[in-house]
Amino acid sequence: MSPDRQDDLIATVDEIEEGASGERLAVLVFDDGQKLVVPLERLPDGTRDGSVLRVRFRLDRRTERERRNEVRDLQRRLFGPEE
Amino acid sequence: MNRRASRRLRWVILALALVLLLVILALALPSLIGDESGGREPGELTRIAFFDVGQGLSVGIITADGRSLLYDMGDREDAVDSVILSFFREHGIERLDYVVSSHPDQDHIGELATVLNRIPVGTYLDPAIENTNRAYLRGLQVVEEKGIPAQRARRGDAFELGERTRVEVLWPEPPFITDSDGEVHDNNNSVVLRVIDGDVRILLTGDIEEEAEEELLALDPSALRADLLQVAHHGSNSSSTMPFLDAVGARTAVISAGADNSYGHPHRETMQRLREAGMTVYRTDVDGTVVFVSDGTQIQLEGQEGTP
């Protein structure tokens, strides 16, 4: 196994449920027991009940910066300048 | 009866009718223009509810004269109507005077936009600290869309919430507490409120941790004195230091935590310290929504009024 793959998290599709709006939701259970509910359409084609997925995270500094600026601008408009 | 006497009698009757009409109008006016106090008479009870919103925090206050405040709203959409707003509506409240976000963490403000979209709000308060939480961003967008007056919460601010209830902002105070990376620390810059209802004091602490507790103690320990304490950060061991609990000196404390939560809240060490501080502890994960009532001289669990 490559070093990269060692950093991946392993999640099992524990069940596939119907959401409130009729969308199909996959309940992912990580090996440490934590759960994550994800729309099935966001997962790779062929994902089914019992599939095992490798999950890797990456930092998205651009979106973080954009989000931070958006919040800051809104705060400035709503609350005015800090005295 | 001559003509003059008859005219005088007519005027007397007319004047009496006018007086009667004014009396009826005066009595009916509050219900005609909408009684914002929810029909309450002064001298009734102030209610403080710690809502069962799972792993999160939400506290509702309705004062004796019908003013209202919501401090955080948790992260469960189904609880907004069935737990939080139903409490207010059951007591005749159709408009929240204040909504306060303690800090922009999901378990505290996840349903901010939902609340603002479902009930009119008078004023919105917030620590206005840097963050990237999407639910917070969406909440602020609704504040702007609806034109809700917004105020930055800072130590030293205070406002009246009805005739006998006053709310003091004890925290945050710039410069903000930062973490080891120099980033503003969400928890430690939570809005801390002390609600003073007559002689009764309630301390709401959000998720402050040891660093904020130390600063609050250094500023003025007497300002922390309270009869009822919302235990900070769901009973985490990173909060509720012994000096802080001693300064608060409350007889009663409430922990808001979700049943079987992943963090092990409340932590055993915190429970031990609360016991050592002599506090009776209620927990939303065990007791569900917990409601206290204050008559302005003492505070008790709802349903146990009058017992020593």
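In short, a report on the structure. Keep in mind that this is a model prediction, so the values were computed, not measured. (Residues numbered from 1 in each chain as written. Chains lettered and ligands numbered in written order. Predicted model: local features only at pLDDT ≥ 70, side-chain atom pairs only at ≥ 80, totals over all residues. Heavy atoms only, no water.)

Our next topic: the overall build of chain A. Looking only at helices and strands, chain A features 2 helices and 4 strands. Tracing chain A from N to C terminus, the helices and strands come up as α-β-β-β-β-α. By the compact-globule yardstick of 12 Å for 83 residues, chain A is too spread out, its C-alpha radius of gyration being 19 Å. In terms of overall dimensions, chain A has a C-alpha envelope of 55 × 40 × 25 Å along the principal axes. Here chain A holds 83 residues, and the buried ones make up 29% of them. (Helix = DSSP H or I, 4+ residues; strand = E, 2+ residues; numbered from the N terminus. Rg over C-alpha atoms; globule rule 2.2 N^0.38 Å. Buried < 20%, exposed > 50% of the residue type's maximum accessible area, 1.4 Å probe, protein only.)

What follows concerns the nonpolar core. Residue and element names in this part refer to chain B. Judged by nonpolar contacts, the single largest core of 38 residues is most densely connected at Phe51, Leu70, Phe88, Leu96 and Tyr124. Among the elements that take part in this core, helix 2 (residues 77-90) stands out by supplying 7 residues, more than any other. Beyond its immediate sequence surroundings of up to four residues, Phe51 is in contact with Ser58, Val59, Gly60, Leu70, Val83, Ile84, Phe87, Phe88, Ser256, Thr284 and Thr289. (Core = buried A, V, L, I, M, F, W, Y, C linked by side-chain atoms within 4.5 Å. Contact = heavy atoms within 4.5 Å.)

Now for the interface of chain A and chain B. Interfaces are often sized by the accessible area lost when the parts come together. On the side of chain B, 22 residues touch chain A, which itself brings 15 residues to the contact. Buried surface at the junction of chain A and chain B, both sides included, amounts to about 1,700 Å², of which 56% is carbon and sulfur. Put simply, chain A and chain B have 6 salt bridges between them. The closest approach of N and O atoms between A:Arg72 and B:Glu130, which form a salt bridge, is 3.0 Å. Taken together, the connections running from chain A to chain B amount to 11 residue pairs in polar contact (both at pLDDT 80 or more). Residue composition of the side of chain A that touches chain B, by class: 5 nonpolar, 3 polar and 7 charged. (Buried area = accessible area lost by both parts, 1.4 Å probe. Salt bridge = Lys/Arg side-chain N within 4 Å of Asp/Glu carboxyl O. Polar contact = N/O pair within 3.5 Å; in protein donor to acceptor, adjacent residues only side chain to side chain. Nonpolar A, V, L, I, M, F, W, Y, C, P; charged D, E, K, R; others polar.)

Attention shifts here to the side chain of A:Ser51. All names here are of chain A. One can find Ser51 in the loop between strand 3 (35-39) and strand 4 (52-55). Engagement of the side chain of Ser51 in a polar contact is seen with the backbone nitrogen of Arg48, the distance being 2.9 Å. With sequence-adjacent residues up to four places away left out, Ser51 is seen in contact with Ala11, Thr12, Val13 and Gly46.

Residue and element names in this part refer to chain B. By the element assignment, Glu163 lies in the loop between strand 7 (158-160) and strand 8 (165-171). Owing to a relative accessible area of 70%, Glu163 belongs among the exposed residues under this scheme. Taking C-alpha positions, Glu163 is 7.0 Å from Asp65, a pair spaced 98 residues apart along the chain.

Tallied over the entire structure, the rule returns 24 salt bridges over all chains. For B:Glu130, the salt bridge is made with A:Arg68, and the minimal N-O distance between the two is 3.3 Å. Taken together, the residues B:Glu130 in the loop between strand 5 (121-126) and helix 5 (134-146) and A:Arg68 in helix 2 (residues 61-79) connect one chain to another. Among the residues examined, A:Arg68 registers a relative accessible area of 18% and is labelled buried. Its salt-bridge partner being B:Glu77, residue B:Arg118 comes within 3.1 Å of it at the nearest N-O pair. Remark: B:Glu77 occurs in helix 2 and B:Arg118 occurs in helix 4 (residues 112-118); sequence separation between them is 41 residues.

Using the criterion set out here, one finds 6 aromatic pairs over all chains in the structure. Chaining the aromatic ring pairs together yields one cluster made of B:Phe50, B:Tyr282 and B:Phe292. (Phe/Tyr/Trp six-rings, centres within 6.5 Å; stacked < 30°, edge-to-face > 60°.)

This part takes up helix 8 (residues 268-276) of chain B. Residue and element names in this part refer to chain B. Every buried residue of helix 8 is listed here: Thr270, Met271, Arg273 and Leu274. The arc that holds every buried residue of helix 8, seen down its axis, measures 160 degrees, which confines them to one face. Seen from the open side of helix 8, the exposed residues pointing more than 90 degrees away from its buried face are Arg268, Arg275 and Glu276. The secondary structure elements touched by the buried residues of helix 8 are helix 7 (242-248), strand 12 (252-255) and strand 13 (280-283). Phi turns positive, to about 80 degrees, at Gly278, one or two residues after helix 8. (Arc of directions from axis to C-beta.)

Turning to helix 6 (residues 210-219) of chain B, a few remarks are in order. Residue and element names in this part refer to chain B. Listed as buried for helix 6 are Ala212, Glu213, Leu216 and Leu217. Buried residues of helix 6, viewed axially, fall in a sector of 140 degrees; they line one side. Considering only its buried residues, helix 6 is in contact with strand 8, strand 9 (192-197) and helix 7.

The side chains of a regular strand alternate, first on one face of the sheet and then on the other. Alignment of strand 12 of chain B against strand 13 of chain B, held across 4 bridges, turns out to be parallel. Residue pairing for strand 13 of chain B: B:Ile255 is matched across the bridge by B:Arg283. (Pairing = 2+ DSSP bridges.)

Time to look at the packing of helix 2 of chain A against helix 5 of chain B. Look at helix 2 of chain A against helix 5 of chain B: their axes get within 10 Å of each other, and the N-to-C directions meet at 30 degrees. By the angle class used here, helix 2 of chain A and helix 5 of chain B are roughly parallel. For the pair helix 2 of chain A and helix 5 of chain B, the crossing hand works out as left-handed. Contacts between helix 2 of chain A and helix 5 of chain B pair A:Arg67, A:Glu70, A:Val71, A:Leu74, A:Gln75, A:Arg77, A:Leu78 and A:Phe79 from the former with B:Arg134, B:Tyr136, B:Leu137, B:Leu140, B:Gln141, B:Val143 and B:Glu144 from the latter. Partitioning the contact of helix 2 of chain A with helix 5 of chain B into residue classes produces 8 nonpolar, 2 polar and 5 charged. (Axes fitted to C-alpha atoms, helices over the stretch in contact; angles between N-to-C directions. Parallel < 35°, antiparallel > 145°, perpendicular 65-115°, else oblique. Left-handed = near helix turned anticlockwise from the far one by under 90°.)

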